[in-house]
Amino acid sequence: MIKFKPAPTYYRLLNGIISVFKPEGECTFKIVEKLQGKLSSDLNSMLCYNFDRDRADEKFLGSSLSINGSIDVTGLRKKSTPLTTESTTLPNLSGLTSHTPPLNTGQQSLSVSPLNLNAPLLTRGQVTGVSNSENTVQQTDNALKLIYGQRYLSSDFKISYLDNLSKHSSGVLLLSIGNLGRQSLEMIGESKLLRVYHVKGRLGYCTQNFSPKGKFIERASFRHVSQAKIDKICAMAQAAFSREMYRYSGISPDSQDAYELAAAGIIRPAERRTPPIVYGVKCIDFQPPDFTLEIHSINERCNFLNKLIHDMAVQLKSRAVCTGVRRLRYGYFGVDRTLVRSQWNLENIIKNIEENQNVIMSEMVD
């Protein structure tokens, strides 16, 4: 990133949707705090105030001027006069205290003043007046920064999230920053986009909250469970939720409207706040006692996915706990568009906002 640009220029670009990859074992509000702290520190390290920008402009103009010319107080360069010698006569160096004859340069005469050995010595401040002036300006700028303080604080960045993930889950997490981001996040929520999860389970025992960290309740056998039986239970669960799909959409499943709605695509619920609806579930990996399900759903929560693993294990006459939940996709936002922890900085966040805005304009608006 070019840090010569002022910080307010980049601050105005922080307005849109941010898609990050939430790591497992970390709460969402902790991620929001880290993003706010990182954005404030990156912006404060840039040119924040007017005197910072003026000082940077002076340094840039000073470095661009050639050293062959002289610079006046207005910062303009004067054209240096070439020194041409047609006939030069060496001065008489016999007496340093007497005036020496002028040099014949053909255009102008230069005289050498006598050397006064009794003159007082110049101080370091008089010799390096320019550097001391720069040091004084720098000290003044530092004092002003101490008076004004940091321009950007963590509380200046209002970040909200959509469809939170639990602490022990991971995957795509959508965040909003700025007014445009808040409006876009509300539009995404009202669109009721389909989400894709990979849910891992372990057969053999169950806990009070259906997770491995919960209180142990009972143990059960799983030797009779096979992948074919799990696939059968998955088909039964999908068929049961398909009936709920028509009921929450507000359309009779035997009507012509239901047929046209099903032919156009997935049947979404009519309201934003409805019970979870599963559109697809299948077993993609089975290595007893561990197995993995791919679930497509809308309006679900992590607690619902944990309980779904337990209920399917009960149908298999066994018990199971959910060992991991990972969200692979949220509508048009996949894992490939997310920012991992090492990419949480100002430059990557601005690029991610621009990419997500293009996705919203191209996919969702159409």
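Relevant structure appears above.
The following refers to the structure shown. (Residues numbered from 1 in each chain as written. Predicted model: local features only at pLDDT ≥ 70, side-chain atom pairs only at ≥ 80, totals over all residues. Heavy atoms only, no water.)

## Here's the deal with empty space enclosed by the protein
Stage number 1. Taken as a whole, this structure holds 1 cavity of 30 Å³ or more when the rule is applied.
Stage number 2. The calculated volume of the largest cavity comes to roughly 60 Å³.
Stage number 3. Lining the largest cavity we find Leu203, Ile230, Phe291, Leu293, Ile309, Met312, Ala313 and Leu316.
Stage number 4. The set of elements that each furnish at least two residues to the lining of the largest cavity consists of β12 (290-298) and α9 (302-315).
Stage number 5. No other element matches the 3 residues that α9 contributes to the lining of the largest cavity.
Stage number 6. In the lining of the largest cavity, the residues fall into 8 nonpolar, no polar and no charged. (1 Å grid on protein atoms, 1.4 Å probe; cavity = no way out; pocket = protein on both sides within 12 Å on 5 of 7 lines; lining within 4 Å. Points joined across faces, edges and corners; volume = space filled by probe spheres on them. Helix = DSSP H or I, 4+ residues; strand = E, 2+ residues; numbered from the N terminus. Nonpolar A, V, L, I, M, F, W, Y, C, P; charged D, E, K, R; others polar.)

## Some words on the nonpolar core
Stage number 1. Judged by nonpolar contacts, the single largest core of 28 residues is most densely connected at Val199, Leu203, Ile230, Phe291, Leu293 and Ile295.
Stage number 2. Looking at this core, the elements that each hand over two or more residues are β8 (195-203), α7 (227-249), β11 (277-287), β12, α9 and β13 (320-330).
Stage number 3. When residues of this core are assigned to their parent elements, the largest contribution, 6 residues, is made by α9.
Stage number 4. Ignoring sequence-local partners within four residues, the contact set of Phe291 consists of Val199, Lys200, Gly201, Arg202, Leu203, Ile230, Asp285, Phe286, Ile309 and Ala320. (Core = buried A, V, L, I, M, F, W, Y, C linked by side-chain atoms within 4.5 Å. Buried < 20%, exposed > 50% of the residue type's maximum accessible area, 1.4 Å probe, protein only. Contact = heavy atoms within 4.5 Å.)

## Remarks on the pairing of β11
Stage number 1. Here β11 pairs with β12 via 9 bridges, running antiparallel. The partner of Gly280 across the bridge, within β12, is His296.
Stage number 2. Following β11, the chain reverses through 2 residues before pairing antiparallel with β12. (Pairing = 2+ DSSP bridges.)

## Quick word on the packing of aromatic side chains
Stage number 1. In total, this model carries 4 aromatic pairs according to the counting rule given.
Stage number 2. For the pair Tyr11 and Phe157, a centre-to-centre distance of 5.8 Å together with 65° between the ring planes defines the contact as edge-to-face. Here Tyr11, found in helix α1 (residues 7-11), pairs with Phe157, found in the loop between α5 (129-148) and β6 (159-162); they are 146 residues apart in sequence, far enough to count as distant.
Stage number 3. Under the relative-accessibility criterion, Tyr11 is labelled partly exposed at 31%.
Stage number 4. Taking the centre distance of 6.1 Å and the plane angle of 85° together, the rings of Phe241 and Phe304 count as edge-to-face. Pair noted here: Phe241 is in helix α7 and Phe304 is in helix α9, with a separation of 63 residues, a long-range link.
Stage number 5. For Phe241, a relative accessible area of 17% translates into the label buried.
Stage number 6. A connected cluster of aromatic rings, assembled from ring pairs, spans Tyr11, Tyr152 and Phe157. (Phe/Tyr/Trp six-rings, centres within 6.5 Å; stacked < 30°, edge-to-face > 60°.)

## A look at helix α6 (residues 178-191)
Stage number 1. Between its terminal C-alpha atoms α6 stretches 20 Å, which fits the 20 Å expected from 14 residues at 1.5 Å a residue.
Stage number 2. Taken residue by residue, α6 has Gly181, Ser184, Leu185, Ile188 and Gly189 as its buried positions. All buried residues of α6 fall inside an arc of 140° around its axis, so they share one side. Opposite the packed face of α6, turned more than 90 degrees from it, sit the exposed residues Asn179 and Glu190. (Expected span 1.5 Å × (residues − 1). Arc of directions from axis to C-beta.)

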